[in-house]
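These are the residues of each chain, in order.
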Amino acid sequence: VSPDGRTVVFESLGKLWTKPVAGGEPRRLVSGGGDAMEAWPSWSRDGRQIVFVSWTDAGLGTVRTVPARGGAARTVTRTPGHYASPRFSPDGRTIAFEQREGGYLTASRGDDNPGVYLVGADGTNQRRLPVDGRSPQFGAASDRVFFIGSSDGKAQLVSTDLAGGARRAHATGELVNDYSISP
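Let me sum up the structure you'll find in this document. Small disclaimer: the values here were computed from a predicted structure and weren't measured.

## Examining the overall build of the chain
Counting its secondary structure elements, the chain contains 0 helices and 15 strands. Whereas a compact globule of 183 residues would reach a radius of gyration of roughly 16 Å, the chain reaches 16 Å, a difference of no more than 12%. Each of the three principal axes of the chain carries a C-alpha extent, and together these read 50 × 40 × 35 Å. Counting every position in the chain, which comprises 183 residues, the buried fraction comes to 43%. Carbon and sulfur atoms make up 49% of the accessible area of the chain, which totals about 9600 Å². Looking at the chain, you have 22 positive and 19 negative side-chain charges, and the mean spots of the two groups are 5 Å apart.

Here is the structure:
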């Protein structure tokens, strides 16, 4: 649901759609997307943009942004990969995302350096954080990234600064699958 609570973005049959929460017809979000699958949509905090992952079997995945009103998408990652769970920072300047390993049901080729990545919303300064984790997200501020790590076989909510330092463990749970930070 959009930050103002009026619009929902969702994926259906591999394409992203928006629809007013109050009702109405769904509308395709991305124009000219071709055969690419579109997944993991997430709103910017100001509600103006949506970040998502685009995927083709031949070309692998890219992290892309599109205006919330719809239109042409812009790629922000430099190289194709197995990307998931992109999220904007609160100030909208940074996008955190996960890179996964390929194989099993997806192509085994692609970047072989899985982990938590950051990239500027303008596509600059893509970098891997020197941490082991998944499902990156931001809290109320843009200076720390939160992610799911592990300690002694238990899921752990961890945060670091944007360089991967100043690590803090916030919660640990033996039967936990996921953590979600409120904005």
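Don't stop here, the text continues.
## A few points about the sheet that holds strand E3 (residues 27–28)
Pairing within the open sheet is antiparallel, and its 3 strands lie in the order E1-E2-E3. Among the strands making up the open sheet, the edge pair consists of strand E1 (7–12) and E3. Two strands pair when backbone bridges link them, and E1 and strand E2 (residues 15–20) are joined in this way by 6 bridges, in the antiparallel orientation. Along E2, the bridge assignment pairs Phe10 with Trp17.

## Digging into the packing of aromatic side chains
Overall, the coordinates contain 2 aromatic pairs when judged by the stated rule. A ring pair is formed by Tyr83 and Phe97, whose centres lie 5.1 Å apart and whose planes are at 80°; its orientation type is edge-to-face. With Tyr83 in strand E8 (residues 83–88) and Phe97 in strand E9 (residues 94–99), the pair connects residues that are 14 residues apart, well separated along the chain. Classification of Tyr83 as buried rests on a relative accessible area of 3%. For Phe97, a relative accessible area of 0% puts it in the buried group. Look at Phe97 and Tyr117: their rings are 5.6 Å apart centre to centre, the planes differ by 15°, and that puts the pair in the stacked class. Of this pair, Phe97 sits in strand E9 while Tyr117 sits in strand E10 (residues 115–120), placing them 20 residues apart in sequence. Overall, the relative accessible area of 5% leaves Tyr117 in the buried class.

## Notes on the nonpolar core
Residues Val51, Val53, Val63, Val76, Tyr83, Phe88, Ile95, Phe97, Tyr117, Val119 and Ala121 constitute the largest nonpolar core, which totals 11 residues. Elements represented by at least two residues in this core include exactly strand E5 (49–56), E8, E9 and E10. Filtering out sequence-adjacent residues up to four positions away, Ala121 remains in contact with Arg74, Val76, Phe88, Gly92, Arg93, Thr94 and Ile95. If you look at the next biggest cluster of nonpolar residues, it comprises 10 residues, including Leu16, Val30, Trp43 and Phe52.

Parameters at a glance
Residues numbered from 1 in each chain as written. Predicted model: local features only at pLDDT ≥ 70, side-chain atom pairs only at ≥ 80, totals over all residues. Heavy atoms only, no water. Helix = DSSP H or I, 4+ residues; strand = E, 2+ residues; numbered from the N terminus. Rg over C-alpha atoms; globule rule 2.2 N^0.38 Å. Buried < 20%, exposed > 50% of the residue type's maximum accessible area, 1.4 Å probe, protein only. Areas by Shrake-Rupley, 256 points an atom, 1.4 Å probe, with all protein chains shown as cover. Lys, Arg positive; Asp, Glu negative; His and termini not counted. Charge placed at Lys NZ, Arg CZ, Asp CG, Glu CD. Pairing = 2+ DSSP bridges. Phe/Tyr/Trp six-rings, centres within 6.5 Å; stacked < 30°, edge-to-face > 60°. Core = buried A, V, L, I, M, F, W, Y, C linked by side-chain atoms within 4.5 Å. Contact = heavy atoms within 4.5 Å.

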